[in-house]
Amino acid sequence: MSPESLPPVAPDVLAEAVEQLSARLRKKLDAAIAGCAEHAVRAADGSLGVRFGEDALVTLRPGPSGTVTEAGQAVCTCLLAPRCLHRAAVLGAAPLADAETDAETGLPEPAVNSSERAAALSEPDADAFEPTTDLPERTEGRLEVTVPAVPVPAPDGPAPEPATPPLTPAQVRAATALWEAAAEALSAGVTAGGAVVQAELLRAAHTARLAGLPRAEAAALRVVRGLRAARERGRGQRLGDLAGAFRELLAAAAPLSSGTAGPGLAGGARRAYAQGGSLRVYGLCREPVLSATGYGGVSTHLMGPDGARYTVSDVRPGGPARAGGAGSASVALGGGVLDHAGLARGGLRIAGATVSPDGRLGAGRGVSATPLRGVDWSEEPASVLFARPVGEAMAAAFDDGPREAGTAEAALLGCDVEVLGAAGEYLVVRVAGDGPLLRLRPAHPHPELPHAANLRRIAEHPGLALRVLGRPDLDRAATLRPLAVGPVPGEPYTLRLPEEWLGRADLGYDRLQGSHFPRGAAGSGSGAPPTAVPDPLADAPLWRVRRLLETGVAGGRRAVAEAGRGTDAAALLAPLRRAGLGGAAQLAAALTAEADRRPRDAFGRLTDAPADGYARAWLASAVHLAAAERSLVVASWS
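Report follows, based on the coordinates. As the structure is a computational prediction, the values presented were derived from the model and not from experiment.

## A look at the overall build of the protein
So, point 1. Within the protein one finds 18 helices and 18 strands.
So, point 2. Taking all 638 residues of the protein together, 52% fall into the buried category.
So, point 3. A fraction of 68% describes how many contacts in the protein between residues 6 or more apart in sequence connect residues 24 or more apart.
So, point 4. Taken as a whole, the protein presents about 27,300 Å² of accessible surface, with 52% of it coming from carbon and sulfur.

So, in structure tokens, the structure goes:
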């Protein structure tokens, strides 16, 4: 059996089990976790047993939710129980339960995996670490990116006058403990970030939750999941994702531990649904949902007459098969007779609607819905999505504020494009009206979903005029992940879709066929695909800083110290300075110097430096890098 066969375990239950172990048993915990889930056997009463030899049997009896939420639901028959290695190993091998649940449905809030990544990375809070950036310019052959230095507040520094009520002492203490645990985990890196280090983070995360800091707790859980996946060499795991999770966690914990952050940085634990009255909504498209925690389903995007965006989701335990089947499942909203395929091309009049702050429609008892005729993308209100210039729309998307990793995505973007052809793993298009070149990437590359196959078929028709509705990738230069496509009104060489599709094809569910494309060749206005699409992120030497930060995540502070010695330091800093990235070079030099710092005790013996200073230096460089990359991404859309 795989570890996924074990029931999810609440973070605090695992943290308590590891904390009860003796120092001798903690050293054996990682070895005990490896492979123990392969011996899991399900009993007739629904419990799960894992046997260790003849005298030790660990039994898990999850609650009604299917999750082990109490210490008494995990028992062992050995003499040392419950302070035994067997029980802690089984709990450590089980997946972590989601901390947040949906207030309307009671289901966990899955992180939508809109690409290979398990979750989108968030930017630090604007009041704490978000620097003001200018667009890059080319000056005398050098790339100039203006990013001011990022001060990282010290816990004992002077606190400015807060604009909002201050945090409680309990919240400050919880945030301080979380910062210390995160700093130690970052200093250890993946190689030394075993079960004991993870348990310290889980303990601090649970304390943060009890203190009313759910955003920091969620960030800590993402770090622990990333550490687990990296140590297990999980498929699709990227160090960049784990580095982003560390950045988010440290950026949230630092201002909270200093007491200078307002309650807004604490986040909200549950989605609060409010009465929205009577609503009319019209379908835009369907999007498959894949979660890093094993959930699958569909999210149908809707729009109101006033331009407000809404979603109706059906997400439950399951993988790609669940995501594919949910696209034609019935919509559980007020007894409506539409399925998600019909809703994506139709509409609803909803009475007694309940709406969350992020636009999700709830299915409460007092909600009733009546089907409406759908609208074409060229009609109001959907036409507004395609009327705004892409540069202006993307500038507004970056100005909307920070994104919380795994819980928020960029808003949908619509534009008319001309297909140029395939270039590597991308489909290259040009925005109509001499707009910028864009890269189209599959929203979900999983082979069981038709995103990639549809894009390959579109690439066979250079010069095709296409109307695209997708989600911008805010971490890549000029990259759009299309969710649906349609014909461009008035263009002769464009898609020919069936009437029942109402002028659009959902790339995650509908499969484009040869009959959907025009016959013959494109007009003379079509051009050949470019051999090299400009990519300011790839051209800038910022990748050296990114590699340094990811080296620290993988190997800890010792690996960063090695990277900053001798010729390695020159190879890191010189290209940055030549490109005009003096701030990035200065912060990278400060990071390697702090990583290599070894103080001496009163007897002159070398000791390990505290992890706090190293974490602050790493965070300053990571935030600066994120701001510089963000500036380059904004410029690529203009």
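## Some details on unusual backbone geometry
So, point 1. In this model, A81 is joined to P82 through a cis peptide bond whose omega is 5 degrees.
So, point 2. Inspection of the secondary structure puts P82 in the loop between β4 (74–76) and α4 (85–93).
So, point 3. Looking along the chain, the bond that leaves E380 and enters P381 is cis, with omega of 0 degrees.
So, point 4. Relative to the elements of secondary structure, P381 occurs in the loop between β12 (368–372) and α11 (384–387).
So, point 5. Positive phi, close to 60 degrees, is recorded for D434, a residue that is not glycine.
So, point 6. By secondary structure assignment, the location of D434 is in the loop between β14 (426–431) and β15 (437–440).
So, point 7. Under the relative-accessibility criterion, D434 is labelled exposed at 75%.
So, point 8. With phi around 45 degrees, A478 is a residue other than glycine that occupies positive phi space.

## A word on the packing of aromatic side chains
So, point 1. All told, the structure shown has one aromatic pair when counted by the stated rule.
So, point 2. Centre to centre, the rings of W377 and F386 are 5.2 Å apart; their planes meet at 35 degrees, and the pair counts as tilted. Across this residue pair, the class does not change: W377 and F386 are buried.
So, point 3. The side chain of R439 reaches across the aromatic face of Y426, ending 5.7 Å from its centre.
So, point 4. Across the ring face of F386, the terminal group of R467 is positioned such that the distance to the ring centre comes to 4.9 Å.

## Thoughts on the pattern of salt bridges
For side chains bearing opposite charge, pairing can occur when the charged atoms are close.
So, point 1. Evaluation of the coordinates by the stated rule reveals 25 salt bridges.
So, point 2. One salt bridge connects E248 with R222, and the closest N-O pair in it is separated by 2.9 Å. With E248 in helix α8 (residues 239–258) and R222 in helix α7 (residues 214–231), this pair connects stretches of sequence that are 26 residues apart. Across the pair, R222 and E248 agree in class, each one buried.
So, point 3. For the salt bridge of R476 with D473, the shortest nitrogen-to-oxygen distance reads 3.2 Å.
So, point 4. Looking at R476, the relative accessible area reads 23%, which means it is partly exposed.
So, point 5. Taken together, the shared-partner salt bridges in this structure form one network comprising R286, R345, D506 and D510.

## Description of the environment of R597
So, point 1. Structurally, the position occupied by R597 is in the loop between α17 (582–595) and α18 (611–636).
So, point 2. Accessibility expressed as a relative area gives 37% for R597, which makes it partly exposed.
So, point 3. Taking the C-alpha atoms as reference points, R597 and P610, 13 residues apart in sequence, are found 9.7 Å from one another.
So, point 4. Here R597 is in contact with R557, R558, A609 and P610, once residues within four sequence places are set aside.
So, point 5. For R597, the side chain forms a polar contact with the side chain of E594, separated by 3.1 Å.

## Remarks on the packing of helix α15 (residues 542–563) against helix α16 (residues 567–578)
So, point 1. Between α15 and α16, the shortest axis-to-axis distance is 11 Å and the interhelical angle comes to 155 degrees. Taken together, the axis directions place α15 and α16 in an arrangement best described as roughly antiparallel. Between α15 and α16 lies a crossing whose hand is left-handed. Where α15 approaches α16, its residues L542, R544, V545, L548, E562 and A563 are matched on the opposing element by D568, A569, A571, L572, P575 and L576.
So, point 2. Along the lines of polarity and charge, the residues of the contact of α15 with α16 split into nine nonpolar, no polar and three charged.

## A look at the pairing of strand β17 (residues 479–486)
So, point 1. Of all the eight residues making up β17, eight are buried; the element is thus mostly covered by neighbouring parts of the structure.
So, point 2. Bridging between β15 and β17 involves two bridges; their strand directions are parallel. Bridge pairing links R439 to T479 in β17.
So, point 3. Pairing of strand β16 (residues 465–472) with β17 involves six bridges; the strand directions are antiparallel. Residue pairing for β17: V468 is matched across the bridge by V485.
So, point 4. Between β16 and β17, which pair antiparallel in sequence order, lie six residues; one of them, A478, sits at a positive phi of approximately 45 degrees.
So, point 5. Across two bridges, β17 lies against strand β18 (residues 505–506) in antiparallel orientation.

How each quantity is defined
Residues numbered from 1 in each chain as written. Predicted model: local features only at pLDDT ≥ 70, side-chain atom pairs only at ≥ 80, totals over all residues. Heavy atoms only, no water. Helix = DSSP H or I, 4+ residues; strand = E, 2+ residues; numbered from the N terminus. Buried < 20%, exposed > 50% of the residue type's maximum accessible area, 1.4 Å probe, protein only. Contact = heavy atoms within 4.5 Å. Areas by Shrake-Rupley, 256 points an atom, 1.4 Å probe, with all protein chains shown as cover. Phe/Tyr/Trp six-rings, centres within 6.5 Å; stacked < 30°, edge-to-face > 60°. Lys NZ or Arg CZ within 6 Å of the ring centre and 35° of its normal. Salt bridge = Lys/Arg side-chain N within 4 Å of Asp/Glu carboxyl O. Polar contact = N/O pair within 3.5 Å; in protein donor to acceptor, adjacent residues only side chain to side chain. Axes fitted to C-alpha atoms, helices over the stretch in contact; angles between N-to-C directions. Parallel < 35°, antiparallel > 145°, perpendicular 65-115°, else oblique. Left-handed = near helix turned anticlockwise from the far one by under 90°. Nonpolar A, V, L, I, M, F, W, Y, C, P; charged D, E, K, R; others polar. Pairing = 2+ DSSP bridges.

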